[in-house]
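# Examining the three-dimensional arrangement
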Amino acid sequence: MPAWKSLVSVLALASTAVSCAHHGDNEVVPEHEREELLKKWDQEWSFSGIASFAHLRTVKCLVEPSENYDIAVIGAPFDTAVSYRPGARFGPRAIRAASARQMSGTSYNTRAGINPYNSWAKITDCGDIPITPFDNGLAERQMYEAFLELGSRKIVNAAPSTKSKNKKDVSIGARHPKLVTLGGDHSVALPALRALYKIYQKPITVLHFDAHLDTWNPVRYSAYWQSEQTQFNHGSFFHKASREGLICNSTSAHAGLRTRLTGVDDGDYTTPGPEQGFIRIHADDIDELGPMGVVEKIMSRIGLDPEQPVYLSVDIDVLDPSTAPGTGTPEPGGWTTREFIRILRGLEKLNLVGADIVEVSPAYDNKGETTALAAAQVVFEIITSMVKSGVDAQLGGWYGRREDGSGGVGVVEEAPATAGKDEL
Ligand SMILES: *[C@@H]1O[C@H](CO)[C@@H](O)[C@H](O)[C@H]1NC(C)=O
C-alpha cells in the first residue's frame with residue numbers, strides 16, 4: 001500500500017473514532033474519557049476563568065433551592081443609600097476579580113495553619129442578589145428575603161469539631177451555614193441583621209470595623225425632610241437595627257473610628273440610645289495599644305460565648321485612603337492593610353455567623369485595584385477563620401509556632417479533602 005493510501009485510511013479511522021466519540025446531548029461521558037478530559041483541561045490559572053470569588057464553584061443559589069453549602073459568598077450590588085460617593089454596586093465584581101490569586105490549590109494560610117478552600121467546609125459563590133436600583137424599600141425586602149433564604153439552608157458537612165459533641169453543646173454558629181456578603185453600600189447590613197435575628201432568634205453581637213459610627217439618627221441628614229425611606233441609608237442602619245432590637249447592646253464594638261461628629265461637642269457619643277450599644281476603639285488607639293492590644297480590647301468586650309452569634313461588618317474605609325481609596329466616604333488617618341489583617345487574624349476564635357465587606361467603590365480605586373485587593377484579602381482571612389473554627393484539631397499556624405518547633409504549622413488530620421476539590 002502506498003504511503004498516501006495508508007495515511008488516508010488512518011485519517012478515515014481517526015474520523016470514525018471522532019464520530020464514535022461524539023455523544024448526544026443525553027449521553028454520559030464514559031468515566032475514562034472524563035478522567036482524561038479533566039487531566040487535560042481541568043486547570044485554571046489565576047488570571048483565567050469567569051470571575052467567581054477565589055475561583056469557587058458558582059451557583060445561583062437563590063434559584064436552586066436544593067443547593068447547600070457550609071459557607072456562601074453572596075454579592076449585594078446595591079448603592080442607592082449612600083450619602084457621598086456612589087459606585088459600590090460594582091463592589092462585588094471588583095472584589096471577585098481581585099480575588100483571582102486565591103486558588104484552592106495555593107491558598108494555604110500560614111498564620112492559621114489551614115487552607116480554607118481545601119478543608120472540611122463546602123464553600124460556594126452564590127452569585128449576586130438581584131437588587132432593584134429604583135426603589136430602596138423594595139431593595140431592603142429583596143435583600144432580607146435573600147439573606148433569610150440563603151442563611152436557612154442546611155449545612156453540608158457538619159464541622160469536624162462538632163462531631164464528638166452532643167447537639168446542645170455544638171456552638172450556635174455551627175448549626176447553620178455562614179454567609180459572607182460582598183457589598184454594596186453599608187446599608188446591606190440591616191437586612192442581613194434582620195435575617196440573622198430571625199434565624200438565631202436572639203440579638204446579634206456586632207463587631208464593626210469602620211471610620212464612622214453608622215449609628216446616626218437619620219435626622220442628621222435632614223430633620224425637615226423625613227420619610228420611612230430616608231431612615232434606610234448607609235449611615236443610620238445600625239441606629240435602626242438597634243431600635244429594632246437586632247443588636248446585642250452589651251457585647252458590640254466599633255473599631256477604627258476617626259470621623260467628625262455632628263454639632264459642637266461629642267454628643268454623638270453620649271446621646272442615650274443606639275449610640276450606647278457599642279464600645280468605641282479609635283483608629284489612633286493602635287499607636288498605644290498595637291494591633292494585638294486592639295484585639296484584646298475587642299475580645300474582652302465580645303468574649304467566646306458559644307451561644308452568642310457574632311456578625312462581623314467591615315467597611316473598607318476602616319483602612320486609610322492611601323491603602324483603600326476606592327470607597328464611599330474616605331477618612332484620612334486610618335489603619336494600613338497589614339495592621340487590619342493582623343487584627344482580623346487575632347480574632348479567629350470569634351463565634352462568627354456571618355460577615356460583610358462593604359463600601360468598595362471601584363470607580364474611585366486605582367489601576368492596581370488596591371482597595372479591591374484589600375477587600376479580597378479581608379474575605380480570605382474571614383473565611384479562613386470560619387473554617388478553622390470548625391476543625392477538630394489544634395492548628396498552630398504561624399501564630400502558634402513555638403521556638404522549639406512544636407505546636408507549629410498544623411496539619412488537618414481527619415478533615416476530608418473533598419470539599420475543596422469540588423470547588424475547582
Ligand atoms: C439596645 O438599645 C436600644 C436603644 O436604647 C434599644 O432600643 C434596644 O431595644 C436595645 N436592644 C436590646 C436587644 O435590648
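Residues numbered from 1 in each chain as written. Predicted model: local features only at pLDDT ≥ 70, side-chain atom pairs only at ≥ 80, totals over all residues. Heavy atoms only, no water.

### Considerations on the state of the cysteines
By the definition in use, this model includes one disulfide. Disulfide pairing is shown between Cys 61 and Cys 126; the S-S distance is 2.1 Å. Between Cys 61 and Cys 126, the S-S torsion sits near -75 degrees, and that sign places the bridge as left-handed. Of this pair, Cys 61 sits in the loop between helix H2 (31-41) and strand E1 (71-76) while Cys 126 sits in strand E2 (residues 123-128), and the two are 65 residues apart along the sequence. Here Cys 61 and Cys 126 have matching classes, each one buried. (Disulfide = S-S within 2.5 Å. Helix = DSSP H or I, 4+ residues; strand = E, 2+ residues; numbered from the N terminus. Buried < 20%, exposed > 50% of the residue type's maximum accessible area, 1.4 Å probe, protein only.)

### Focus: the confidence of the model for the protein
Overall, the predicted model of the protein reaches an average pLDDT of 89, with 87% of residues at or above 70. Scored below 50 in pLDDT, residues 5-19 shows one contact in the model against residues more than four places distant or in partner chains. (pLDDT = per-residue confidence, 0-100. Contact = heavy atoms within 4.5 Å.)

### A word on the packing of aromatic side chains
Each aromatic ring pair is characterised by the separation of its centres together with the angle its planes make. Counted by the stated rule, this structure contains eight aromatic pairs. Ring geometry for Phe 78 against Phe 232: centres 6.0 Å apart, planes inclined by 35 degrees, an arrangement best described as tilted. Residue Phe 78 is found in the loop between E1 and helix H3 (91-98), and its partner Phe 232 is found in the loop between strand E4 (205-209) and helix H6 (237-243); the two are separated by 154 residues along the sequence. By relative accessible area, Phe 78 is classed as buried at 1%. By relative accessible area, Phe 232 is classed as buried at 2%. Ring geometry for Phe 209 versus Trp 335: centroids 6.3 Å apart, planes at 65 degrees, classification edge-to-face. Linking Phe 209 in strand E4 with Trp 335 in the loop between strand E7 (310-315) and helix H9 (337-346), this pair joins segments that are 126 residues apart in sequence. A relative accessible area of 1% means that Trp 335 is categorised as buried. Put simply, the rings of Phe 209, Trp 335 and Phe 340 touch in pairs and so form one group of aromatic residues. Above the face of the Tyr 221 ring, Arg 220 is positioned so that its terminal group lies 5.9 Å from the ring centre. (Phe/Tyr/Trp six-rings, centres within 6.5 Å; stacked < 30°, edge-to-face > 60°. Lys NZ or Arg CZ within 6 Å of the ring centre and 35° of its normal.)

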